[in-house]
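One-letter residues, chain by chain:
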Amino acid sequence: MANLRAKGKSTIVWILMGLMVLGLGGFGVTSFSGGSTAVGQVGETRVTADEYARALRGEMVAITRQTGRPLSMSEAQAMGLPQAVQANLFTAAALAEQARVMGVSVGDERVAQTILAADAFRGPNGRFDRAAYAEVLRRERLTEAEFEAAIRTDEARLLLQRAVAGGVAAPAPMVDQTTRWVLEARDFSWRELTEADLPAPIAEPDEATLEAWHAANADRFTAPETRVISYAWVTPQMLAPEVELDEAALRATYDQNIAEFQQPERRLLSRLIFGSQEQADEAAAAIEAGEQPFEAFVLQRGLTLDDVDLGAVTQAELGSAGGEVFAAPGNQVVGPLQTDLGWALFSVNAILDPVDVPFEEAREGLRDEAALSRAARLIQDRVLEFEDLLAGGATIEDLAAETEMQAGRIEWHPGLEAAEDSIAAYADFRERAETITERDFPELFELVDGGVYTLRLDEVIPPALIPFAEARDEVLADWRQAELQRQLLELAENLQVAALADAVVEPMRALQPAPETAATLPADSASDATGDAAEAPADPWTSETQMVRNSWLPNLPQAALLEAFAIDEPGEVEIVDAGDRVILVRLDAVGDADLSSADALAVQDRVAARIGQSLQDDIFDYFARYVQRQHRIEVNQAAINAINTQVQ
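Residues numbered from 1 in each chain as written. Predicted model: local features only at pLDDT ≥ 70, side-chain atom pairs only at ≥ 80, totals over all residues. Heavy atoms only, no water.

Caption draft 1: How the structure looks around the sheet that holds strand β19 (residues 582-591). Read from one edge to the other, the open sheet built from four strands follows the order β17-β4-β19-β18, with strand pairing classed as antiparallel. Edge strands, defined here as strands with exactly one partner in the open sheet, are β17 (542-547) and β18 (573-577). When strand polarity is set aside, the average angle formed by the axes of neighbouring strands in this sheet is 30 degrees. Pairing between strand β4 (residues 185-193) and β17: four bridges, direction antiparallel. When the sheet's bridge partners are listed, Phe188 is paired in β17 with Glu544. (Pairing = 2+ DSSP bridges. Helix = DSSP H or I, 4+ residues; strand = E, 2+ residues; numbered from the N terminus. Axes fitted to C-alpha atoms, helices over the stretch in contact; angles between N-to-C directions.)

Caption draft 2: Fine view of the packing of helix α8 (residues 144-165) against helix α24 (residues 598-630). Relative orientation of the contacting elements α8 and α24 amounts to 120 degrees, with a least axis distance of 9 Å. Classed by the angle they form, the pair α8 and α24 counts as oblique. Where α8 crosses over α24, the handedness of that crossing is right-handed. Mapping the contact onto sequence places Leu160, Gln161, Val164 and Ala165 in α8 and Gln616, Ile619, Phe620 and Phe623 in α24. (Parallel < 35°, antiparallel > 145°, perpendicular 65-115°, else oblique. Left-handed = near helix turned anticlockwise from the far one by under 90°. Contact = heavy atoms within 4.5 Å.)

Caption draft 3: The nonpolar core, seen in detail. Val39, Tyr52, Leu56, Met60 and Leu81 are the most contacted members of the largest nonpolar core, which has 32 residues in total. At the level of secondary structure, the elements contributing two or more residues to this core comprise β2 (38-42), α3 (49-67), α4 (73-78), α5 (81-102), α8, α24, β20 (633-635) and α25 (637-646). With eight residues, α5 is the single largest residue contributor to this core. In this structure, Ala232, Ile423, Tyr426 and Leu447 belong to the second largest nonpolar core, which totals 30 residues. (Core = buried A, V, L, I, M, F, W, Y, C linked by side-chain atoms within 4.5 Å. Buried < 20%, exposed > 50% of the residue type's maximum accessible area, 1.4 Å probe, protein only.)

Caption draft 4: Highlighting unusual backbone geometry. Each neighbour pair has its own omega, and for Gly335 with Pro336 the value is 10 degrees, a cis peptide bond. Along the chain, the position of Pro336 falls in strand β10 (residues 332-339). Phi at Gln546 takes a positive value of approximately 55 degrees, unusual for a residue other than glycine. By the secondary structure assignment, Gln546 is in strand β17.

Caption draft 5: A look at the environment of Ala240. Within the secondary structure layout, Ala240 lies in the loop between α11 (236-239) and α12 (247-256). Given a relative accessible area of 10%, Ala240 falls into the buried group. In sequence terms Ala240 and Leu372 are 132 residues apart; their C-alpha atoms lie 5.3 Å from each other.

Caption draft 6: Highlighting the sheet that holds strand β15 (residues 452-461). Sheet architecture is open: four strands sit in the order β13-β6-β15-β14, paired in antiparallel fashion. At either margin of the open sheet sits one strand with a lone partner, and together these are β13 (406-412) and β14 (445-446). Across seven bridges, strand β6 (residues 226-234) lies against β13 in antiparallel orientation. Of the residues in β13, the one forming a bridge with Trp233 is Gln406.

Caption draft 7: Inspection of the confidence of the model for the protein at higher detail. In this model, the protein carries an average pLDDT of 79, and 84% of its residues clear a pLDDT of 70 or more. Per-element mean pLDDT across the protein ranges from 37 in strand β1 (residues 29-31) up to 93 in helix α10 (residues 207-216). (pLDDT = per-residue confidence, 0-100.)

Caption draft 8: Summary view of the side chain of Glu155. Relative to the elements of secondary structure, Glu155 occurs in helix α8. Only 3.2 Å separates the side chain of Glu155 from the side chain of Arg110, close enough to count as a polar contact. Looking at Glu155, its side chain comes within polar contact range of the side chain of Thr114, at 2.9 Å. (Polar contact = N/O pair within 3.5 Å; in protein donor to acceptor, adjacent residues only side chain to side chain.)

Caption draft 9: Spatial organisation of the pairing of β6. With nine of nine residues buried, β6 is to be regarded as a mostly interior element. Side-chain alternation along β6 places Thr226, Val228, Ser230, Ala232 and Val234 on one buried face and Arg227, Ile229, Tyr231 and Trp233 on a second face that is also buried.

Caption draft 10: Structural detail: helix α14 (residues 277-288). The end-to-end C-alpha separation of α14 is 16 Å, in line with the 16 Å expected for twelve residues at 1.5 Å each. Buried within α14 are the following residues: Ala280, Ala283, Ala284, Ala286 and Ile287. Projected down its long axis, α14 carries its buried residues within an arc of 165 degrees, all on one side. In α14, those exposed residues whose orientation departs by more than 90 degrees from the buried face are Glu278, Glu282 and Glu288. Check the buried side of α14 and you find it contacts α15 (294-300), β10 and β11 (342-352). Of the residues flanking the end of α14, it is Gly290, one or two places downstream, whose phi is positive at about 80 degrees. (Expected span 1.5 Å × (residues − 1). Arc of directions from axis to C-beta.)

Given below as structure tokens:
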């Protein structure tokens, strides 16, 4: 969600475009009553019912777009969305009230700039569109005077906000220290212990041990609550083989989907509009000379590649520019060319060949598609009949006997792995299976593919411990894994002690006289020494060098890498218990960060920005809470409840 502190946008534009979240906890809130259309007020600054309804509705729409499914009011309330919206509105009102008391205001020019810059009011050409402005205000039930007054109030509040937190910067020592921490490089070695490293195989447990393990870990061997559900359903896939189709129906399906079978050549293009031909010529020359790529000019204009992406277009769609753009090879910048929007450069990203699939070639594939479509329509035509049968007391078994619907029975629980062609593979069925009760009257529900179904809860089997005799294999595997992990951890502790001892002994050995070399030994002794060296076991440790905190190693769990950066001194060894893996980690060296490098300077800038923004956020939070304590907050809970009931 948008953060007003960080973005510094007008709240009224935010009501149309996004939402910030600030809590009201700790502030004195009293009840508000009367016939006002306000849901509350802070001092003399009111929060109207329309503002609250717009903000709440807008946030629900935003979540719907993110999740891909409608958000109900009950779900919104369960996640605390109305309270978050209220908190934001009352916080903004408190800041606006403080600005009013202090006499802070802005002029008409600033109000106009804010409106002209709002994305919500831009037309197809990317500029302010008067018609779009009027349409948005009409849809939101706002007059221009009301909206512009709200903008003026919000801009005054933003002046106050920037004055409070705008000049805060991160302290240089904090930035340097954090950057050194981020860029610190370490060399470390690791060794994973496996069953092969144990001095002896794991002994097989007796039955008493397994039974005790089964009892002590009952939660791992307990079957979940199971819901025995009867259902009847029919889908287009079930009826499609029986659907009869004539040539006209197939031809109609072909014509309806002609864009899939008949398409001219298309090109994936990006288009960048310039203010003048001179600017476009300069950019084209720089691109042709290899001085800067097309993308650099996009970024210099404050745009993203998505902003200039036209997608797949035909030559006709480009108008007068189409001929030259379609004559160019792929991966080339064309232009500048005159367009309806001005002089432009076109980047040809890919060429899509024409598509020409005649009806005769498409007939076989169309038959399946048309059959499914016809079957879905047949099912929809029978929906009222199915519903009438259910209303008349027909059971699931009756539906299966009297209609095309097929009956089934399933023992369902949330972790059930359903086959792709099973009714439990449908999300809608799973949701209803989880909430249905034995008192629910059978209803007809739709599936996403056009099918319908009804269900009935026959029995709820409570969670139950699986008898030892049935779960013995699972118990044995679970016990064995736990015993293996225990023994590996015990071995790791012994190896850790030995490794630490070697770290102490090795420096002492370095002070002692060197042993006799092969050159001073008899021939036979030298030969033996060479043979022993050849048969020396391989080093079980794997070394990693110049690792940083955000490094990733495919064969090493992240917990081991984190442990390598938690060790204090080189030579120390720590044990990582990764659940089903045991790993020893030894720190070999610590490398200080070079803050003079280009990469370090870039990281330093990001760290400074992040810390500075965090400090600004904290200061603004403190100020906002202070302001709310200074002004009386009144809430019309009855009006809020009424709006919550109406907003869907």
